[in-house]
Amino acid sequence: MSHTATAALPLLPFFLPASGGQRYCLLHLPPPGRNARGGILYVHPFAEELNKSRHVAAAQARAFAAAGYSVLQIDLFGCGDSSGDFGEARWDIWHNDLHLACAWLAQRVDGPLTVWGVRLGALLALDFASRAPLPLARLLLWQPETDGRRSIDRFLRLRLATSMLAGGTQEAPGHARATLAQGEPVEVAGYQLAPALAQAIDGVSAAALLPAVPVYWLEYQAPAQTCAPLPPLACLWRERGAAVHVASFVDGPFWHSGELLACPQLLDATRKLCRDWLAEERTPP
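Cut-offs and rules
Residues numbered from 1 in each chain as written. Predicted model: local features only at pLDDT ≥ 70, side-chain atom pairs only at ≥ 80, totals over all residues. Heavy atoms only, no water. Salt bridge = Lys/Arg side-chain N within 4 Å of Asp/Glu carboxyl O. Helix = DSSP H or I, 4+ residues; strand = E, 2+ residues; numbered from the N terminus. Buried < 20%, exposed > 50% of the residue type's maximum accessible area, 1.4 Å probe, protein only. Axes fitted to C-alpha atoms, helices over the stretch in contact; angles between N-to-C directions. Parallel < 35°, antiparallel > 145°, perpendicular 65-115°, else oblique. Contact = heavy atoms within 4.5 Å. Nonpolar A, V, L, I, M, F, W, Y, C, P; charged D, E, K, R; others polar. Core = buried A, V, L, I, M, F, W, Y, C linked by side-chain atoms within 4.5 Å. Pairing = 2+ DSSP bridges.

Draft legend 1. Expanded view of the pattern of salt bridges. In this structure the tally under the stated criterion is 11 salt bridges. The residue Arg54 makes a salt bridge to Asp75 at a minimum N-O spacing of 3.5 Å. Of the two residues, Arg54 sits in helix H1 (residues 48–66) while Asp75 sits in the loop between strand S4 (70–74) and helix H2 (91–108), which places them 21 residues apart along the sequence. Looking at Asp75, the relative accessible area reads 5%, which means it is buried. When salt bridges with common partners are traced through the structure, they connect Glu49, Arg119, Glu145 and Arg154 into a single cluster.

Below you can see the structure in the form of structure tokens.
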């Protein structure tokens, strides 16, 4: 999979009709004259992490396209440039969006379908794969969130941090959770979190989802670490018979970094981890 000369690859932006409006999509296509070897659906992360990750995901999507895959990036309902407000988003709506996107790809691309998720998008991808009506070939997970409740708790802590930085009255720990439990939304870093969405995410744990397809897992390793430990969940899945392939990268936590990280090591680690199903671009003689 080449990381060079990918800028000229065909890129098709479009809106996909869906329930409640339309979904903004970007379709990365293989080089002209080359049939796609399969389809890859990208599932973006949660809230502001979507924007922090967009440039890295675009670079990886171009690399996949150069290797001969059609890659569909979709903004889920209430996110990015799609219809709806974030406060109206629901976990089941996002499931429906992924079903729609997979069906759209399957109708247009011969070959296996891969779902590639980042952070909470990886947990959504795992949950979706556990009940997907279409056969999937594999899952690619970048720095996956593995427990929905912990993910929401971490998101809610941003509210405390924002309040402290603003010098306002410090909110008591647990206040946001109590507000959600009363059926009221809470605002976190400019995002309105609905109780129904928080409750649905709370109920999803990757430990309860045994993947039926091979999993390719990329985990961030801090530079000070000499050897990244295997994620405990990956060990558990392997013990239960799942095919799990794990690699690490050291570029940095791109999903919440204050600067845009290029992450060349992440892209290279992805290429190496997935070499059994990705072929290097070869020019016919």
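Draft legend 2. Quick look at the packing of H2 against helix H3 (residues 120–130). Contact geometry of H2 with H3 gives a least axis separation of 10 Å together with a crossing angle of 70°. Considering their axes alone, H2 and H3 lie roughly perpendicular with respect to each other. Between H2 and H3, the contacting residues are Trp91, Trp94, His95, Leu98, His99 and Cys102 on the first element and Leu120, Leu123, Leu124, Asp127 and Phe128 on the second. The residue makeup of the contact of H2 with H3, split by class, is eight nonpolar, two polar and one charged.

Draft legend 3. Molecular detail of the nonpolar core. Counting residues in each nonpolar core, the largest one holds 59 residues, and the members touching the most others are Phe46, Leu72, Trp94, Leu193, Leu197 and Trp237. Excluding its chain neighbours within four sequence positions, the residues that come into contact with Trp237 are Leu126, Leu141, Ala206, Leu209, Leu210, Pro211, Val215, Trp217, Ala242 and Val244. Residues Val56, Tyr69, Trp277 and Leu278 belong to the second largest nonpolar core, which totals 28 residues.

Draft legend 4. Summary view of the sheet that holds S4. Pairing in this open sheet of eight strands is mixed, and the strands run S1-S2-S4-S3-S5-S6-S9-S10 from one edge to the other. What marks the edges here is a single partner per strand, and that holds for strand S1 (11–18) and strand S10 (244–249). Ignoring which end each strand starts from, the neighbouring axes of this sheet average 20° apart. Strands in contact with H3 are strand S3 (39–43), strand S5 (113–118) and strand S6 (138–142); relative to S5, the strand with the most contacts, it is inclined by about 145°.

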